[in-house]
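# Results of the structural survey
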Amino acid sequence: DAPYKLILLRHGESEWNAKNLFTGWVDVNLNEKGEKEAVRGGELLKDAGLLPDVVHTSLQKRAIRTAQLALEAADRLWIPVHRTWRLNERHYGALQGKDKAQTLAEFGEEQFMLWRRSYDTPPPPLDRDAEYSQFEDPRYATLPPELRPQTECLKDVVVRMLPYWFDGIVPDLLTGRTVLVAAHGNSLRALVKHLDGVSDADIAGLNIPTGIPLSYELDADFKPVNSGGTYLDPEAAAAAIEAVKNQGKKK
Ligand code: DG2
């Protein structure tokens, strides 16, 4: 039996996921479908007997509320919660609030995919006082200004997420707890990249669906026994992964 159990959960569909807008650090809420996905995610955990002992989330309400709804459905609302900006979604820079399909049409497929999925090309930075900037948001007031992003590529997310993996999450796993991480498409891609040792090139092809728990069993060295993890509803996950991949292409 693998010693460590880790569950990754991308938040349910948000209002901006449904509208096909780049979201990043903008604090968008779940829509009704997303709330249902979160509840179903918790039911899947319960049915699989995968009951989290502790949960780690971002500072963004779509992840916070997903964790809450899923844990309620699994009757685990009482477990300890830790929130950190290091699990926040990737900051999407000047793309935040922009329509994905329009961006693809305006800049072309190559540039669009560079911004959306390349490992090390960040979108243009977002001005500190722009409409969708969170630079002055009180929740980041304790963060030194130089740590508050104005854009990020996935590599930047790996760099700011990993310290929390090692200092915040691994210690919980080491004490035998089943850990739930409720986060975002790209902050979870960063974690999966680390766990599975995915190459900088191959991570471009990895997409994570909303609301479906992805379960990992880790060996003593924190290497996945089930490489790539196991979705608790594999059929729904496969269909949803295709949809995420094609997001720029639909209206
Ligand atoms: C999405 C991911 O993040 O978008 O920021 O728009 O998981 O918080 O909804 P999430 C966003 P893509 O990188 O898949 O376009």
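Up top you'll find the structure we're talking about.
Presented here is an overview of the structure given in this document. Keep in mind that this is a model prediction, so the values were computed, not measured. (Residues numbered from 1 in each chain as written. Predicted model: local features only at pLDDT ≥ 70, side-chain atom pairs only at ≥ 80, totals over all residues. Heavy atoms only, no water.)

## Quick look at the overall build of the protein
Counting its regular elements, the protein contains eight helices and six strands. Ordering the α and β elements of the protein from the N terminus gives β-α-α-β-α-β-α-α-α-β-α-β-β-α. Principal-axis analysis of the C-alpha atoms places the extent of the protein at approximately 50 × 40 × 35 Å. Carbon and sulfur atoms provide 51% of the accessible area of the protein, an area that totals close to 11,200 Å². (Helix = DSSP H or I, 4+ residues; strand = E, 2+ residues; numbered from the N terminus. Areas by Shrake-Rupley, 256 points an atom, 1.4 Å probe, with all protein chains shown as cover.)

## A few points about the nonpolar core
In terms of nonpolar packing, the biggest core is built from 34 residues, with Leu6, Leu8, Trp165, Leu173, Val181 and Leu218 touching the most fellow members. Contributions of two or more residues to this core are made by β1 (4-10), α6 (154-174), β4 (179-183), α7 (185-196) and β5 (214-218). Residue contributions to this core peak at 10 residues, all from α6. Within the second largest apolar cluster, 11 residues are counted, among which are Leu50, Ala67, Leu180 and Ala182. (Core = buried A, V, L, I, M, F, W, Y, C linked by side-chain atoms within 4.5 Å. Buried < 20%, exposed > 50% of the residue type's maximum accessible area, 1.4 Å probe, protein only.)

## Focus: the pattern of salt bridges
Applying the stated criterion across every chain, the model contains 13 salt bridges. One salt bridge in this structure joins arginine 160 and glutamate 152, with 2.8 Å as the shortest N-O distance. The same class applies to arginine 160 as to glutamate 152, namely buried. Counted as one network, the salt bridges with shared partners bring together Asp27, Lys61, Asp137 and Arg139. (Salt bridge = Lys/Arg side-chain N within 4 Å of Asp/Glu carboxyl O.)

## Comments concerning the packing of aromatic side chains
Overall, the coordinates contain eight aromatic pairs when judged by the stated rule. Ring centres of tryptophan 25 and tyrosine 140 lie 4.6 Å apart, and the angle between their planes is 35°; this geometry places the pair in the tilted category. Of this pair, tryptophan 25 sits in the loop between α1 (15-19) and α2 (32-47) while tyrosine 140 sits in the loop between α5 (109-117) and α6, and the two are 115 residues apart along the sequence. Summarising the aromatic geometry, the rings of phenylalanine 107 and tryptophan 115 are spaced 4.9 Å apart at their centres and angled 70° between planes, so their arrangement reads as edge-to-face. Classification of tryptophan 115 as buried rests on a relative accessible area of 10%. Three or more aromatic residues joined by ring pairs make a cluster, and in this case those are Tyr4, Trp165 and Phe222. The ring of phenylalanine 135 carries arginine 148 above its face, with NZ or CZ at 5.2 Å from the centroid. (Phe/Tyr/Trp six-rings, centres within 6.5 Å; stacked < 30°, edge-to-face > 60°. Lys NZ or Arg CZ within 6 Å of the ring centre and 35° of its normal.)

## Description of the site of the ligand
Among the 17 residues in the neighbourhood of the ligand, the closest are listed as Glu89, Tyr92, Arg116, Arg117 and Gly185. Here arginine 10 contributes a side-chain N or O atom positioned 2.8 Å from an oxygen atom of the ligand. Between the ligand and the protein, one listed contact pairs an oxygen atom with a side-chain N or O atom of arginine 117 at 2.7 Å. Starting from 400 Å² of accessible surface for the ligand in isolation, the protein chains cover 99%. Within the residue set of the shell around the ligand, elements represented by two or more residues are α5 and α7. Looking at the shell around the ligand residue by residue, the classes come out as three nonpolar, eight polar and six charged. (Near = heavy atom within 4 Å. Polar contact = N/O pair within 3.5 Å; in protein donor to acceptor, adjacent residues only side chain to side chain. Nonpolar A, V, L, I, M, F, W, Y, C, P; charged D, E, K, R; others polar.)

## Quick notes on the packing of α6 against α7
Between α6 and α7, the shortest axis-to-axis distance is 9 Å and the interhelical angle comes to 70°. Judged on the interaxial angle alone, α7 and α6 are roughly perpendicular. Within the contact between the two elements, α6 uses Leu154, Val157, Val158, Met161, Leu162, Trp165 and Phe166 and α7 uses Asn186, Ser187, Arg189, Ala190, Leu191, Lys193, His194 and Leu195. Classifying every residue of the contact of α6 with α7 by side-chain character gives 10 nonpolar, three polar and two charged. (Axes fitted to C-alpha atoms, helices over the stretch in contact; angles between N-to-C directions. Parallel < 35°, antiparallel > 145°, perpendicular 65-115°, else oblique. Contact = heavy atoms within 4.5 Å.)

## Here's the deal with the sheet that holds strand β3 (residues 81-83)
As summarised here, the arrangement of the six strands in space is β3-β2-β4-β1-β5-β6, forming an open sheet in which the pairing is mixed. Single-partner strands in this sheet number two, and they are β3 and β6 (230-231). Inspection of the sheet shows β1 paired to β4 by five bridges, in the parallel sense. When the sheet's bridge partners are listed, leucine 8 is paired in β4 with valine 181. Contacts from α6 reach β1, β2 (54-57), β3, β4 and β5 within the one sheet, and its direction differs from that of β1 by about 130°. (Pairing = 2+ DSSP bridges.)

## Points about the pairing of β4
When you tally the buried positions in β4, you get five out of five residues, the bulk of the element. Along β4, one buried face is formed by Val179, Val181 and Ala183 and the opposite face, lined by Leu180 and Ala182, is buried too.

## Examining the side chain of threonine 84
Mapped onto the fold, threonine 84 is located in the loop between β3 and α4 (100-107). At 2.9 Å, the side chain of threonine 84 and the backbone nitrogen of arginine 86 are in polar contact. Discounting residues that sit within four places of it in the chain, threonine 84 has contacts with Thr57, Ser58, Leu59 and Tyr164.

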